[in-house]
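# Topology and contacts: notes
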Amino acid sequence: MKLDHRAGKELYVDFAGKKLEVVGPSTGEISQVEVFVATLPFSQYTYVEACKSQKREGFIQCLNNALQFFGGVPLAIVSDNLKSAVTRSSKYEAVINRTFKDFALHYGCAVNPTRSYAPQDKALVENAVQLTYQRIYCPMRKMKFFSIGELNKEIQDHLKGYNDVLFQRKEASRRELFQSVEPPLLKSLPRGTYQIKEYARAKVQKMGYIYFSADRTYCSVPYRYIGSQTQVQYTAKHVEVYHGNQRIALHNRVMGKGAYITDKNHLSSTHHAYSQWSPKYFSDQGGRIGNNVKLFMTGLFLQGDYPEINCKRAMGILQLAKTYGNERVDKACLRAVYHDTYSYQRLKNILSNNMDEHEVEQENRQSHIPSHQNIRGADQYK
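Note that this is a predicted model, so its numbers are computed, not measured. (Residues numbered from 1 in each chain as written. Predicted model: local features only at pLDDT ≥ 70, side-chain atom pairs only at ≥ 80, totals over all residues. Heavy atoms only, no water.)

For the rest of this paragraph, the subject is helix H4 (residues 148-164). Since one α-helical turn is 3.6 residues long, residues separated by three or four positions face the same way. With 17 residues, H4 extends 24 Å between its outermost C-alpha atoms, agreeing within 8% with the 24 Å of an ideal straight helix rising 1.5 Å per residue. Buried within H4 are the following residues: Leu151, Asn152, Glu154, Ile155, Leu159, Tyr162 and Asn163. The inward-facing, buried residues of H4 abut strand E2 (20-23), strand E3 (30-40), strand E4 (45-51), helix H1 (56-70), helix H3 (123-137) and helix H5 (174-181). (Helix = DSSP H or I, 4+ residues; strand = E, 2+ residues; numbered from the N terminus. Expected span 1.5 Å × (residues − 1). Buried < 20%, exposed > 50% of the residue type's maximum accessible area, 1.4 Å probe, protein only. Contact = heavy atoms within 4.5 Å.)

Our next topic: the sheet that holds strand E11 (residues 217-220). With respect to topology, three strands assemble into an open sheet ordered E10-E11-E15, the strand pairing being mixed. The outermost strands of the open sheet, each flanked by one partner alone, are strand E10 (209-212) and strand E15 (260-261). In the sheet, E10 pairs with E11 via four bridges, with the strands oriented antiparallel. Within the sheet, the bridge partner assigned to tyrosine 211 lies in E11 and is tyrosine 218. (Pairing = 2+ DSSP bridges.)

Here the focus is the environment of lysine 52. Along the chain, the position of lysine 52 falls in the loop between E4 and H1. C-alpha separation for the pair lysine 52 and methionine 140, spaced 88 residues apart in sequence, amounts to 18 Å. Contacts of lysine 52, omitting those with residues within four sequence positions, involve Gln32, Val33, Glu34 and Ile148.

This is the structure in structure tokens:
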């Protein structure tokens, strides 16, 4: 029967039965490449592209490029039952390939595979394939191409003429029919093109990382998921970690075996504090207790060649503030700074012996020699 195709509703896709050839530039080896064809049935506006194979990577890349070519997304994509599209074919309810399903979810469209051995379900794209043989294959039959890029460039040049040919009874070309009606009826493209996802499972280790086996790296997750089983989805650029249906981590891929990829927001409070340890950090923490504590911290890190040792001392001093109170520790630091003594143990002795209660000025020792004028200077002994 004659079907009335609604503008912007469906996109028919197929691979041509006849392949094209690419010659290896250095070896002269001839490789056959697949040809992808997509058409909008209302205007029959067509996109053609050569790719290495009908496998998942080539199929998805061609679909990405086709939607970019049309400048929008139809309500549904109609394909045949190739393995890159359908896992298990059925006359009534086919099982869609997981990657193809993710692709459709990314673009917000449906997948409607045809029945097996029923080319009439997508007759217009079958016809477009036949026209591709006549109007694109035939003019290139005596040409040699040394890369798929060169081949696709030539295909696009012939495709422009193909889409600009006038229909005999409509007095308009495919391009004119498309531009006059369909663009507003297509859904807008998302910000980025779809990236093929791979899947894995991983358990969160005690350190709060999962082992990402594809790159042999470690990726952090929030510490509260330690010990949990997670699902990992990754593309060429990103790694996503899911617990149940909730995404708990997102990282950029780092190609370095054994590397630890860390998001500081995933660390526990103690780990986060440890990662911030530095002379400035402890100086700022001391300043919250008192100005004298800040001076003590500054002097503490000016001595010694190994900062980590002083970090431990500084942590002990902050702990003293919890035991003796901020005011007493600030007074004890005043005494220690006055005597140019920067030691955790000395500061603890000052507090335990209540020496912080005495004013520093009272310790200024006066000379036992009384002041008088009968004192000879150094000049008398030359």
